[in-house]
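An overview of the molecular structure
Each chain is listed here by its residues.
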Amino acid sequence: MEIKFYFFIFAKIEKNSALLKIALNLLLICVFTLSLSAKGVYTGASKSGTTNNSDTVRYHVNNEEITEEDEYDTDMDEISVSYLPPAYSLYSVWDTFNINPYKFNLTDTLTLSLGDQYDCSYVPPIKGLVTSPYGPRRRNFHCGIDLDLETGDTVVSAFDGTVRVARVSNGYGNVVVVRHNNGLETLYGHLSEIKVQVGQHVSGGTVLGLGGNTGRSTGSHLHFEVRFRGKPINPESLISFKSYQLLHEQLTISPDLFKQLTAYKTAPKKSGKYYVIRKGDTLSKIARKKGTTVKKLCKLNGLRPTSVLAVGKRIRTI
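Presented here is a report on the structure given in the accompanying data block. Since we're looking at a predicted model, the values are computed, not measured.

Now for the pattern of salt bridges. What the rule picks out here adds up to seven salt bridges. Measuring nitrogen to oxygen at the nearest pair gives 3.0 Å for the salt bridge that ties Glu 193 to Lys 195. On the accessibility criterion, Glu 193 (35% relative accessible area) is partly exposed. Measuring nitrogen to oxygen at the nearest pair gives 2.6 Å for the salt bridge that ties Glu 225 to Arg 227. For the pair formed by Glu 225 and Arg 227, the shared burial category is buried. Shared partners join several salt bridges into a network, and the residues in it are Arg 164, Arg 179 and Glu 185.

Listed below in structure tokens is the structure:
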């Protein structure tokens, strides 16, 4: 309404001086700016839930159950964006500190494009073997997969997007989270060095950092996650880490996609017996000691027969 009104006045004074036209154009710019602020285009954000004189919006963030070490921190960092971040209509939150600040319960089904050349073409973050899969692992849920690498290897963004988090955390070590144009977010953990900044636009293949062994890690590897609205998705359900290609051009997001995580969270906690891994142990050696099989050990601990065992870690035997 305001814009139509000012264009009407502009037409009425069309024959007046150029000075009046300049003044009216400045007034129109002010109207546009106020309109964008009302719709949620902010210059920054912090904690309290109110706006201040610099048109900043503040968000409340509450704790929730975590399924990966240091997934969630209670402090927030101020953000600075002068545009709408990627997939803002799906999130309405741009938090540059917390890995998962979202409180969404997915009930609908939607389809995301993965292979659109203008949106989300895939590039492997590192060409390494999967050393630990997605799913239950020891006493927690492994929200991503581990990819083998050497410290110093280049780690790149899997898709186009914008860096939302780039910081040091207790569990992930040096970690980068990128939000992509289709609404997915990818996480890159245990880096030895971060090469990007929050708010930086990246393309698929842009260097995010160097591989390492920071945080809660027992050897050099890349911890790689794919998330939608904070909920982890098995990366191997959309990417082949043998051929380094997308399995599908589209991904259907529905409650079924998260049923493994839901089952883990809702399952009654079982007591079991554990064995502390020692130097020289193998799965077959532990199986013989404990009177079980390698297959059962793998199932109980979310391992593969070829998984590398970390000395000092506990492995469930019953």
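Here the narrative resumes.
It is worth spelling out the side chain of Arg 137 at this point. Among the structural elements, Arg 137 can be located in strand E5 (residues 135–137). There is a polar contact of 3.2 Å between the side chain of Arg 137 and the side chain of Asp 146. Residues within four places of Arg 137 in sequence aside, it is in contact with Ser 132, His 142, Asp 146 and Asn 301.

Within a sheet, each strand pairs with its neighbour through backbone hydrogen bonds, oriented either parallel or antiparallel. As summarised here, the arrangement of the three strands in space is E8-E14-E12, forming an open sheet in which the pairing is antiparallel. The open sheet is flanked by strand E8 (154–156) and strand E12 (193–194), the only strands paired with a single partner.

What counts and what doesn't
- Numbers given to residues run from 1 along each chain, matching the order in which its sequence is written.
- Given that the model is predicted, a residue must reach a pLDDT of at least 70 before its local features are reported, and side-chain atom pairs must reach 80 or more before they are shown or counted; all residues, however, enter totals for whole chains, interfaces and linings.
- With hydrogens and water excluded, all non-hydrogen atoms of the structure serve as input to the side-chain values.
- The rule for a salt bridge is simple: a side-chain nitrogen of Lys or Arg has to be within 4 Å of a carboxyl oxygen of Asp or Glu.
- Only protein chains enter the accessibility calculation, which uses a 1.4 Å probe; a residue is then buried when its area is under 20% of its type maximum, exposed when over 50%, and partly exposed in between.
- In DSSP terms, a helix is any run of H or I states spanning at least four residues, a strand is any run of E spanning at least two, and both are numbered starting from the N terminus.
- Residues adjacent in sequence count toward polar contacts only when both atoms are side-chain atoms; beyond that, a polar contact is any pair of N or O atoms within 3.5 Å, and within protein one must be able to donate a hydrogen and the other to accept it.
- Only heavy atoms matter for contacts: two residues are in contact if any of them lie within 4.5 Å across the pair.
- Whether two strands pair comes down to DSSP finding at least two bridges between them.

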